[in-house]
Structures are given as C-alpha cells and as structure tokens.
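Chain by chain, the residues:
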Amino acid sequence: MMSVDHLMNTYARMPVAFERGEGAWLFDRHDRRYLDAISGIGVCNLGHANPVIAEAVAEQAGRLIHTANLGHIPLQESLADALCQISHMDRAFITNTGAEAVECAIKIARHYGHQRGIDQPSILCMDSAFHGRTIAAISASSPGKLQQGFGPLPDGFERVPFNDAKAVEHHLRLHPACVAVLLEPIQGEGGVRIPSDGYLSAIRKHCTEHQALLMFDEIQCGLYRTGQAWAYQHEADATPDVLTTAKALGNGIPVAACLARGAAATTLTPGSHGSTFGGSPLACRTALTVLQQMQALELGPHAHRIGTTMLDAFDRQLGNHPRVAEVRGRGLMIGIELHDPATDVRDFALEHGVLINVTRERIIRLLPPLIIDRQQADQIVETVVEGIRAGAH
Ligand SMILES: *Cc1c(COP(=O)(O)O)cnc(C)c1O
C-alpha cells in the first residue's frame, strides 16, 4: 500500500517506487528495470548498491557509527586530508548536507567580515542560483518560489546576474562591506548554466582586488562529474577561498564538507560552529571510500569521454529541432533547454524505462551515474531524442 497522506506535501513525485538498484539500474517491485540518468540528483555517482561502498558501510556500521565531535575522529581527519589534497584547500568542516555546507560558508564569510571590522557584512550571490533549503541557503538562492512565503529572510545577501563578471566588479567596488562572492561554477537547479570562458578567473581577480572571499558551491557540479575533480578547474587561475561539496561525496550516505584555504580556513574557532552528526566515523569512512573509488576508476576522464559522446549525439540529432533552444553540458552534467515545458519528455522516458529530470520546467537535466557505459549512454540519448520528437510542438 502506497499512501502519501501522512507526508508533508513538498514534492511532485513521479508515479514510481524502487525496491533495489544495481549500478546504473533501478528496479521497481514488479522487477521492471529503469536506467537511471538522475543518480538521485547527482548523488549515487558510483551506481546503486555499489559493492565496495556497501562493504565499507556495513563494516563500519558493525565497528562504530557515531561518537560526536567530543573526542578525535581519525576517519574525519583522513577525510579532511583527502579532500584538501584534491582541492588545494587547507582545512575542512565536515557536515551532513549541502545546505549545511553552504551555511558554514556563509558563517565563515560573516566571521571574516567581522574580523576585518565590518559590522554589516554582505555576500554577493547570483540570479538563478540554488544553495539549499535552509533559511540562509534560500536567502542566498534565486528569489521566487524558493523564498516565497518564508520571510522575513536574513539581510546581507545581494544579487547580480550570473555570467556577468563586470557586474561583480561593479558591485564590489561600490560595496566595501561585501565580504564574499558565492556562486555555482555551473548552475545546476538553475538549468545547467555554464558560464563563458574567463568568467570564473575574472571573478577570482576582482575578489582578490577587493579582499572578498571567493566561495564556490560545487555541491552538484563537483567530484569529477564534469571531467575534473572540480568544475572550476576547467579554467586556470580560478581557485576559490571556500569550496562546498556534498551530493556525490557519500554515494547516498549523507556527508558534506565546507573546505577553505588561507584566512578563511582559520576563521572559525572552538565553539563558533558545530554539528552533532557531522563527520561521524560512518559518514567519513563512506566518503573516503567514495573518493578512493572515483580516483581508482578514473571517473573524471571517463565522465569527460562519455559526456562528450552524449553531447555530440544530442547536438547532431537535436541541433535543428524546433523544440530545442539549446543543448549544453560539461562531462556528465547535461542540459537540453526546450522552448516549451519538458514534462512530456520526462513522462515518455519513464514509460520507456529511463529516468530523467526536468528543472525550471523547460530544461531537461541529465546527471547519470559516472560509471555508465557507452551502451547505457546511447540508450539515454536515444530515449530523450525520441521523447522530444514525440512531443507536440
Ligand atoms: C543540492 C544542492 C544544494 C543543497 O544540498 P542539500 O543536501 O539538498 O541540502 C546546495 N547547492 C547546490 C549547488 C546543490 O545542487
């Protein structure tokens, strides 16, 4: 019996429920299989029921799950080492969810401002941004549906258009109390928006000039999805001061991190921030195993190769289609923007056994697990192309 009567009505759900998974496949209770091109929103990047992850989770659960941050947690220290090594950051705060990693970044920025004698520090954010669902995270996100009805929202969040480095420079010049710039190097929920070449490094330069922290939210685009460990690495000289990661870090076990370097790394001190669950032995053991697997399987280069093949195929087959406004992507983060709502394509794909996502109503978003093979990639492309062609225009 399925009933949503006792759930708060926060999701428009697809009419499907899964019982088990295997790699890029999900199975419902009739054992019908679906090819997963969403990965639980960019989370299960090593695939479902990954045996190496399952083994690590089970072994750690049988040994020690949680101790709180009252004593030392060696696995947390190892995870911080591993994350700093792949990001060139100095320190990590390990937490549970993306929104909490963003909260930590916001608190670092404000603390950093106060330490410089700025009473009312502000953070510059982007239009069509998404940073999570807590009150501070929605304040940093795109105004509109996310924020509506949740006021009063905290002050101290300003906004400029995404992909406009001049607007950032202008804002920083006019607002000396602006202590940080927060953005997604590729906007996810905003519709797989990829900024122009040179945008991130220009913002890096402006932040340095105006002593503002550059804070990248790589919760969706990071961890090898775009081919590099971090999406900002597609540009030279765009290293941030603060970097958030979450989604794929635990392959489904909640774990997230806010990484920082330089002054930003030592802003928080004992008592100024914390988390009961954050950085548990279970979460950290899982994340360490995820990072090891991603590196051992060379999933960055794999995501680049497979993603490029998919993008080329979409371009070839949809480039001139009247419904399609734009095909864009990097690695296995792919968006197909239509001129009309894309829900029929999602429904068509579901009927044909492929799970895809639609964001901002008109943008088909594909975030398949990074372990997909050529054949699975071909099936996703074929189904999406058919679904777009099948729809009325
Ligand atoms: C998903 C997401 C978040 C929020 O993560 P939660 O784990 O849902 O809190 C924040 N930023 C970006 C870019 C995201 O994609």
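Nothing here was measured: the structure is a model prediction, and the numbers come from that model.

Colleague: How do you make sense of the site of the ligand when you look at a structure like this?
Modeller: Around the ligand, the surrounding shell consists of Thr-97, Gly-98, Ala-99, Phe-130, His-131, Gly-132, Glu-184, Asp-217, Ile-219, Gln-220 and Lys-247. One of the backbone N or O atoms of Ala-99 is found 2.7 Å from an oxygen atom in the ligand. One nitrogen or oxygen atom from the main chain of Phe-130 is found 3.3 Å from a nitrogen atom belonging to the ligand. Against a free-state accessible area of 380 Å², the protein chains account for coverage of 81% of the ligand. Tallied by class, residues from the shell around the ligand come to three nonpolar, five polar and three charged.

Colleague: For this particular structure, what's the right way to read the side chain of Thr-286?
Modeller: Along the polypeptide, Thr-286 turns up in helix α8 (residues 281–296). With near-sequence residues (within four places) excluded, Thr-286 lies in contact with Ile-53, Val-57, Gly-250 and Ile-253.

Colleague: Explain the packing of aromatic side chains here, please?
Modeller: The geometry of an aromatic ring pair is captured by the separation of the ring centres together with the interplanar angle, meaning the angle of the planes. Evaluated as defined, the whole model comprises three aromatic pairs. With a centroid separation of 5.4 Å and an interplanar angle of 75°, the aromatic rings of Phe-18 and Tyr-34 are classed as edge-to-face. Placement of Phe-18 in strand β1 (residues 18–22) and of Tyr-34 in strand β3 (residues 33–36) is noted, with a sequence separation of 16 residues between them. In this structure Phe-18 comes out as partly exposed when scored by relative accessible area, which is 32%. Residue Tyr-34 is classed as buried on the basis of its relative accessible area, which comes to 5%. Judged by centre distance (5.5 Å) and plane angle (75°), the rings of Phe-162 and Tyr-199 are edge-to-face. In this pair, Phe-162 is assigned in the loop between β6 (157–160) and α6 (165–174) and Tyr-199 in helix α7 (residues 199–209), connecting sequence segments 37 residues apart. Over the aromatic face of Trp-25 sits the side chain of Arg-33, whose NZ or CZ is 3.6 Å from the ring centroid.

Colleague: Would you explain the pattern of salt bridges in this entry?
Modeller: Where side chains of opposite charge bring their charged atoms close, a pairing between them can arise. All chains considered together, the criterion is met by 15 salt bridges. For Asp-31, the salt bridge identified is with Arg-20, shortest N-O distance 3.1 Å. Residue Asp-31 is located in the loop between β2 (25–28) and β3, and its partner Arg-20 is located in strand β1; the two are separated by eleven residues in the primary sequence. Classification of Arg-20 as partly exposed rests on a relative accessible area of 38%. A salt bridge links Asp-347 to Arg-346; the shortest N-O distance between them is 3.6 Å.

Colleague: Honestly, the nonpolar core in this entry has me stumped. Any pointers?
Modeller: Side chains of nonpolar character tend, in soluble globular proteins, to be buried together. Counting residues in each nonpolar core, the largest one holds 84 residues, and the members touching the most others are Leu-183, Met-310, Phe-314, Ile-336, Ile-364 and Leu-366. Residues within four places of Leu-366 in sequence aside, it is in contact with Ala-37, Met-310, Phe-314, Leu-332, Met-333, Ile-334, Ile-356, Ile-380 and Val-384. Listed in part, the 27 residues of the second largest apolar core include Ile-106, Ile-219, Cys-258 and Ala-260.

Colleague: Would you mind going over the sheet that holds strand β15 (residues 363–366) with me for this structure?
Modeller: The strands that make up a sheet pair up through hydrogen bonds in the backbone, lying either parallel or antiparallel. Pairing in this open sheet of four strands is antiparallel, and the strands run β11-β12-β15-β14 from one edge to the other. The two strands at the open ends of the sheet, each matched to only one other strand, are β11 (324–330) and β14 (357–359). Strand-to-strand twist across the sheet, computed as the mean angle between neighbouring axes with direction ignored, equals 25°. In the sheet, strand β12 (residues 333–338) pairs with β15 via four bridges, with the strands oriented antiparallel.

Colleague: Explanation requested: the sheet that holds β1 in the structure shown.
Modeller: Across the sheet, which stays open at both edges, the four strands sit in the order β1-β2-β3-β13 with mixed pairing between neighbours. Edge positions in the open sheet fall to β1 and β13 (354–355), since each of these has one partner strand only. Bridge count for β1 against β2 is four bridges, and the pairing is antiparallel. When the bridges of β2 are listed, Glu-22 appears paired with Trp-25.

Colleague: For this particular structure, what's the right way to read empty space enclosed by the protein?
Modeller: One way to see where empty space is left: roll a probe the size of a water molecule over the atoms. Going through the model one piece at a time under the given rule, you end up with two cavities of 30 Å³ or more. By volume, the largest cavity amounts to about 60 Å³. Lining the largest cavity, in full, are Pro-185, Ile-186, Pro-195, Ser-196, Asp-197, Leu-200, Ala-231, Tyr-232, His-234, Glu-235 and Arg-330. Among the residues forming the lining of the largest cavity, the class breakdown is six nonpolar, two polar and three charged. The calculated volume of the second largest cavity comes to roughly 40 Å³.

Colleague: Help me understand the packing of helix α10 (residues 343–351) against helix α11 (residues 374–390) in this model?
Modeller: Axes are the key here: two packed helices are described by the angle between their axes and the distance separating the axes. The contact between α10 and α11 brings their axes to 9 Å, and the two run at 130°. Taken together, the axes of α10 and α11 lie oblique to each other. In this structure, α10 meets α11 at a crossing whose hand is right-handed. Contacts between α10 and α11 involve Asp-344, Val-345, Phe-348 and Ala-349 from the former and Thr-383, Val-384, Glu-386, Gly-387, Ile-388 and Ala-390 from the latter. Of the residues that constitute the contact of α10 with α11, the class distribution is six nonpolar, two polar and two charged.

Colleague: Looking at this structure, I do not really get the side chain of Glu-218. What am I missing?
Modeller: Turning to its location among the elements, Glu-218 is positioned in the loop between β8 (213–217) and β9 (242–245). Of the side chains bearing the opposite charge, Arg-330 lies closest to the buried Glu-218, which forms no salt bridge; the N-O distance is 9.6 Å. Contact partners of Glu-218, with chain neighbours within four places excluded, come to Pro-185, Trp-230, Ala-231, Tyr-232, Leu-243, Thr-244 and Thr-245.

Colleague: Would you mind going over the layout of surface pockets with me for this structure?
Modeller: Estimated volume of the second largest pocket: approximately 800 Å³. Around the second largest pocket, the lining is made up of 30 residues, and of these Gln-76, Arg-91, Ala-92, Phe-93 and Leu-268 lie nearest the centre. Listed by contribution, the elements that provide at least two residues to the lining of the second largest pocket are α3 (74–87), β4 (91–95), α4 (98–115) and β10 (256–260). Examining the composition of the lining of the second largest pocket, we find that four residues originate from one element, β4, more than from any other. Per-class residue counts for the lining of the second largest pocket are 15 nonpolar, 13 polar and two charged.

Cut-off values and rules
Residues numbered from 1 in each chain as written. Predicted model: local features only at pLDDT ≥ 70, side-chain atom pairs only at ≥ 80, totals over all residues. Heavy atoms only, no water. Near = heavy atom within 4 Å. Polar contact = N/O pair within 3.5 Å; in protein donor to acceptor, adjacent residues only side chain to side chain. Areas by Shrake-Rupley, 256 points an atom, 1.4 Å probe, with all protein chains shown as cover. Nonpolar A, V, L, I, M, F, W, Y, C, P; charged D, E, K, R; others polar. Helix = DSSP H or I, 4+ residues; strand = E, 2+ residues; numbered from the N terminus. Contact = heavy atoms within 4.5 Å. Phe/Tyr/Trp six-rings, centres within 6.5 Å; stacked < 30°, edge-to-face > 60°. Buried < 20%, exposed > 50% of the residue type's maximum accessible area, 1.4 Å probe, protein only. Lys NZ or Arg CZ within 6 Å of the ring centre and 35° of its normal. Salt bridge = Lys/Arg side-chain N within 4 Å of Asp/Glu carboxyl O. Core = buried A, V, L, I, M, F, W, Y, C linked by side-chain atoms within 4.5 Å. Pairing = 2+ DSSP bridges. Axes fitted to C-alpha atoms, helices over the stretch in contact; angles between N-to-C directions. 1 Å grid on protein atoms, 1.4 Å probe; cavity = no way out; pocket = protein on both sides within 12 Å on 5 of 7 lines; lining within 4 Å. Points joined across faces, edges and corners; volume = space filled by probe spheres on them. Parallel < 35°, antiparallel > 145°, perpendicular 65-115°, else oblique. Left-handed = near helix turned anticlockwise from the far one by under 90°. Lys, Arg positive; Asp, Glu negative; His and termini not counted.

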